[in-house]
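Listed here are the chains, written in short residue letters.
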2 protein chains.
Amino acid sequence: MARPIQIRDPLPMVSDSFGDTQTQILDAAEQLFAEQGFGATSLRSIIRAADVNLAAIHYHFGSKEKLIVATIERMAQPIVQAELQQLAAVQAEHPQPTVEAILHAMLAPALEIVYHGQGDRGLTQARLMGRCRTEPTIEPIGARAFAKSSQTFLTALQQALPDQSTSELTWKFDLVIAMLIRVLCAADQPNAILQDNSPAETAAAIERLVNFAAAGMKS
Amino acid sequence: MARPIQIRDPLPMVSDSFGDTQTQILDAAEQLFAEQGFGATSLRSIIRAADVNLAAIHYHFGSKEKLIVATIERMAQPIVQAELQQLAAVQAEHPQPTVEAILHAMLAPALEIVYHGQGDRGLTQARLMGRCRTEPTIEPIGARAFAKSSQTFLTALQQALPDQSTSELTWKFDLVIAMLIRVLCAADQPNAILQDNSPAETAAAIERLVNFAAAGMKS
DNA sequence: AATTAATTAAAACGTATGATTGAATGTAAC
DNA sequence: GTTACATTCAATCATACGTTTTAATTAATT
């Protein structure tokens with residue numbers, strides 16, 4: 001009972017991440033969560049796609065909820081990093097950036113992953129990001145993953161639009177995020193703003209979206 | 001076997017709709033679907049809230065999916081009707097209405113049900129409308145219920161903004177709907193555009209949203 | 001080679017779901 | 001009062017879910 005348990009590093013971390021069970025699970029989960037949603041995706045469909053045993057999920061992640069958190073954080077981290085980086089670059093160049101410049105730094109990274117990812121990975125990640133707001137149980141997890149980004153951009157917009165009240169800016173900001181998520185989720189539908197994942201088309205879509213959003217923000 | 005079966009009207013329709021099993025089920029389903037989503041709401045939680053037998057749902061509606069369709073259509077019908085009516089009124093007054101006037105006719109009815117409904121019914125219906133786009137399985141059902149409205153308003157906007165291409169207008173229109181739904185779903189969150197369901201606050205929120213959306217549409 | 005821990009595998013657990021059944025009850029018509 | 005139908009009810013079906021358990025397997029350490 002009161003025996004001292006010697007705990008070893010539980011994650012020896014294989015050098016070659018391909019074939020790593022954790023990565024296989026995360027990859028399959030990412031795709032299925034993005035396609036079907038979190039609630040609608042069963043652990044059994046994930047292990048089928050990942051070709052691993054059912055117990056592996058609980059061994060490596062503990063529960064379905066923790067797997068969801070891990071999947072979301074793995075997707076969000078690079079996006080948040082890119083967003084903050086772009087904002088910092090814009091602010092370094094110009095101490096008081098325009099609304100358009102701020103919105104570009106905020107919207108571009110999420111849309112760019114659509115063609116930066118290998119194969120369809122980017123589109124999958126984009127959809128997964130969108131899903132974070134569509135399921136009420138999951139929203140807090142997604143909000144936490146993107147909290148740092150939201151907070152930073154809201155302050156930047158506050159400085160660019162000093163005449164607008166905080167509450168006004170907050171709901172406008174919220175609507176811009178809603179627009180971004182809609183664009184991500186509807187990326188393959190007919191007449192969507194984002195027709196294909198070519199770099200040129202993505203850049204054009206970003207510009208269209210930035211102009212649309214900026215007009216609203218300044219209204 | 002080949003006996004001529006005399007089929008009576010399957011819905012004798014009680015004059016007093018209160019106490020009607022179908023209505024009780026629809027009311028409970030509406031609230032629970034709106035609060036928890038369609039997939040997350042079990043038929044058993046519905047019959048518990050409606051105080052009816054489980055078989056009653058299958059007897060009156062056939063399946064969970066058909067109950068969902070019935071719930072959505074009951075909610076959508078008055079909204080679509082109000083939207084088309086407001087648009088017709090605007091067009092009757094002015095042959096070529098402004099973008100703002102069109103958007104007002106399009107956004108106001110959905111937001112107004114928030115305080116027109118008795119008690120919390122309005123807020124529930126608003127959230128239910130929002131849910132129609134958040135669950136992928138349900139989206140086609142919702143789209144069908146609002147198809148007539150979408151189609152009509154898109155043509156009206158096309159006439160008001162003849163310089164913009166159809167595809168451009170389509171994705172802008174889609175983003176405006178996304179904004180509306182976000183407003184409906186986030187109606188009770190802090191810093192939401194819609195703070196309470198008082199008529200004055202709702203009218204102000206409608207104006208803010210119309211201005212925000214019109215600026216984007218014209219960009 | 002022996003030992004120890006990390007990982008995978010198969011099977012089952014308890015619970016919940018949507019759906020169905022067949023009997024009971026109510027209700028109007030003849 | 002009997003028949004015919006609409007409706008309600010309790011019970012059950014088959015299936016699927018997230019989780020846990022126990023044993024087998026693999027890999028590293030000594």
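One numbering rule holds for all chains: residues counted from 1, following each sequence as written. Working convention: letters from A go to chains and numbers from 1 go to ligands, in the order in which they are written. The predicted nature of this model means local features are confined to residues of pLDDT at least 70 and side-chain atom pairs, given and counted, to a pLDDT of 80 or more, with totals for whole chains, interfaces and linings taken over all residues. To get the side-chain values, take all heavy atoms of the structure and skip hydrogens and water.

## What to know about the pattern of salt bridges
Right, so step 1: Salt bridges are identified by distance alone: a Lys or Arg side-chain nitrogen within 4 Å of an Asp or Glu carboxyl oxygen. One pass over the full model with this rule turns up 18 salt bridges over all chains.
Right, so step 2: The partner of B:R133 in a salt bridge is B:D174, and the shortest N-O contact between them spans 2.8 Å. With a gap of 41 residues between them, B:R133 in the loop between α6 (121-131) and α7 (139-145) and B:D174 in helix α9 (residues 166-185) connect regions that are remote in the sequence.
Right, so step 3: A relative accessible area of 19% places B:D174 in the buried class.
Right, so step 4: Here B:E168 ties to B:K172 by a salt bridge, and the two come within 3.4 Å at their closest N and O atoms. In this pair, B:E168 and B:K172 both sit in helix α9, four residues apart, roughly one turn of the helix.
Right, so step 5: Burial here depends on accessible area, computed with a 1.4 Å probe over protein chains only, as a share of the maximum for the residue type. Under 20% is buried, over 50% is exposed, and the range in between is partly exposed. A relative accessible area of 1% means that B:K172 is categorised as buried.
Right, so step 6: Put simply, A:D27, A:E30, A:R74 and A:R121 are held in one network by salt bridges that share partners. For helices the rule is a DSSP run of H or I covering at least 4 residues; for strands it is a run of E covering at least 2, with both sets numbered from the N terminus onward.

## Details of the packing of helix α5 (residues 99-116) of chain B against helix α10 (residues 199-218) of chain B
All names here are of chain B.
Right, so step 1: Structural elements are reduced to axes, namely lines fitted to C-alpha atoms, with helices fitted over the stretch in contact, and the angle between N-to-C directions of any two is expressed from 0 to 180 degrees. Contact geometry of α5 with α10 gives a least axis separation of 9 Å together with a crossing angle of 145°. Here α5 and α10 pass one another in a crossing that is right-handed. Along the contact surface, α5 presents V99, E100, L103, H104, L107, A108, L111, E112 and Y115, while α10 presents P199, T202, I206, L209, V210, N211, A213, A214, M217 and K218. Here a crossing is taken to be left-handed if its near helix is turned anticlockwise relative to the far helix by less than a right angle, and right-handed if that turn runs clockwise. Note on contacts: a residue pair is in contact if any heavy atoms of the two residues lie within 4.5 Å.

## Examining the relation of the copies chain B and chain A
Right, so step 1: Copy-to-copy alignment: least squares on C-alpha atoms, limited to residues at pLDDT 70 or above in both. With an axial shift of 0.1 Å and an RMSD of 0.1 Å, the rotation relating chain B to chain A amounts to 180°. Read as a symmetry element, the transformation amounts to a two-fold axis.

## Re the protein's contact with DNA strand C
Right, so step 1: As a structural note, the neighbourhood of DNA strand C is formed by 18 residues, with A:T21, A:H60, B:L43, B:R44 and B:K64 the closest of them.
Right, so step 2: Counting only atoms of DNA strand C within 4 Å of the protein, the sugar-phosphate share comes to 51%.
Right, so step 3: Each polar contact in these results corresponds to two N or O atoms within 3.5 Å; when the atoms are within protein, one needs to be able to donate a hydrogen and the other to accept it, and residues that are neighboring in sequence are counted only if both atoms are side-chain atoms. Within the side chain of A:T21, an N or O atom sits 2.3 Å from a phosphate oxygen of DNA strand C.
Right, so step 4: Listing elements by their share of the surface near DNA strand C, those giving two or more residues are α3 (54-60) of chain A together with α2 (43-50) and α3 (54-60) of chain B.
Right, so step 5: In terms of residue class, the surface near DNA strand C is made up of seven nonpolar, seven polar and four charged. When we say a residue is near a molecule or strand, we mean one of its heavy atoms is within 4 Å of it. The classification used treats Ala, Val, Leu, Ile, Met, Phe, Trp, Tyr, Cys and Pro as nonpolar, Asp, Glu, Lys and Arg as charged, and all other residues, Gly among them, as polar.

## Describing the confidence of the model for chain A
Segments scoring low in pLDDT should not have their predicted coordinates read at a detailed level.
Right, so step 1: Of the residues in chain A, 91% have a pLDDT of 70 or more, and the chain-wide mean is 87.
Right, so step 2: As a per-residue measure, pLDDT tells how confident the predictor is, with possible values from 0 to 100. Residue range residues 1-18 of chain A is modelled with pLDDT below 50. Its contacts to residues more than four positions away, or to other chains, number three contacts.

## Considerations on unusual backbone geometry
Residue and element names in this part refer to chain A.
Right, so step 1: Unlike most non-glycine residues, D51 shows phi in positive territory, near 60°.
Right, so step 2: Within the secondary structure layout, D51 lies in the loop between α2 (43-50) and α3.
Right, so step 3: Classification of D51 as exposed rests on a relative accessible area of 67%.

## Examining the layout of surface pockets
Right, so step 1: The pocket and cavity definitions rest on a 1 Å grid over protein atoms only: a 1.4 Å probe that fits but cannot leave marks a cavity, an open set with protein on both sides within 12 Å along at least five of seven lines marks a pocket, and residues lining either have an atom within 4 Å of a point. Grid points are joined across faces, edges and corners, and a volume is the space filled by probe spheres set on the points. As a volume, the largest pocket reaches approximately 810 Å³.
Right, so step 2: For the largest pocket, the lining is made up of 32 residues, of which A:G130, A:R133, A:T134, B:R133 and B:T134 are closest to its centre.
Right, so step 3: For the lining of the largest pocket, the elements supplying multiple residues, two or more each, are α1 (21-36), α6 (121-131) and α9 (166-185) of chain A together with α1 (21-36), α6 and α9 of chain B.
Right, so step 4: For the lining of the largest pocket, a count of residues per class yields 11 nonpolar, five polar and 16 charged.

## Regarding the interface of chain B and chain A
Right, so step 1: Between chain B and chain A, the residue contacts involve 28 residues of the former and 29 residues of the latter.
Right, so step 2: Summed over both partners, the accessible area lost on bringing two parts together, with a 1.4 Å probe, is the buried area. Overall, the association of chain B and chain A removes approximately 2300 Å² of surface from exposure, summing both partners, and the carbon and sulfur fraction of that is 67%.
Right, so step 3: Taken as a group, B:W171, B:R182 and B:F212 account for 31% of the area that chain B buries against chain A, more than any other trio of residues on that side.
Right, so step 4: For the pair chain B and chain A, the interface holds four salt bridges.
Right, so step 5: Measuring nitrogen to oxygen at the nearest pair gives 2.6 Å for the salt bridge that ties A:D174 to B:R182.
Right, so step 6: Where chain B touches chain A, the interface holds two residue pairs in polar contact (both at pLDDT 80 or more).
Right, so step 7: Of all the elements, α9(B) adds the most residues to the side of chain B that touches chain A, at 11 residues.
Right, so step 8: Tallied by class, residues from the side of chain B that touches chain A come to 13 nonpolar, eight polar and seven charged.

## Considering α6(B)
All names here are of chain B.
Right, so step 1: Among the 11 residues that make up α6, eight are buried, leaving the element largely enclosed by the rest of the structure.
Right, so step 2: Of the residues making up α6, those classed as buried are G122, T124, Q125, A126, L128, M129, G130 and R131.
Right, so step 3: Of the surrounding elements, those touching the buried residues of α6 are α1, α4 (64-93), α5 and α9.

## What to know about the nonpolar core
Right, so step 1: Within this scheme, the nonpolar core is defined by two criteria: the residues are buried Ala, Val, Leu, Ile, Met, Phe, Trp, Tyr or Cys, and they are joined through side-chain atoms within 4.5 Å. Core analysis: the largest hydrophobic core is formed by 138 residues, its most contacted members being A:I46, A:L67, B:I46, B:L67 and B:L103.
Right, so step 2: In this view, B:L67 contacts B:I25, B:L26, B:A29, B:F33, B:L43, B:I46, B:I57 and B:F61; residues no more than four positions away in its chain are not counted.

## Section: helix α8 (residues 147-160) of chain B
All names here are of chain B.
Right, so step 1: Helices are assigned an expected span. That span is 1.5 Å times one less than the residue count. Taking 1.5 Å per residue, 14 residues should reach 20 Å; α8 reaches 20 Å between its end C-alpha atoms and fits that length.
Right, so step 2: Residues of α8 that are buried: S149, F153, A156 and L157. Down the axis of α8, the buried set is contained in an arc of 100°. They therefore lie on one face. Directions from the helix axis toward the C-beta atoms define the arc.

## Some thoughts on the side chain of A:E83
Residues and elements named next belong to chain A.
Right, so step 1: Summarising the element assignment, E83 is placed in helix α4 (residues 64-93).
Right, so step 2: Charge convention: Lys and Arg are scored as positive, Asp and Glu as negative, and His as well as the terminal groups of each chain are ignored. Buried and unpaired, E83 has no salt bridge, with R133 as the nearest side chain of opposite charge at 12 Å.
Right, so step 3: Separated by 2.5 Å, the side chains of E83 and S149 make a polar contact.
Right, so step 4: Among all residues touching E83, those that are not within four sequence positions of it are A105, M106, P109, S149 and F153.

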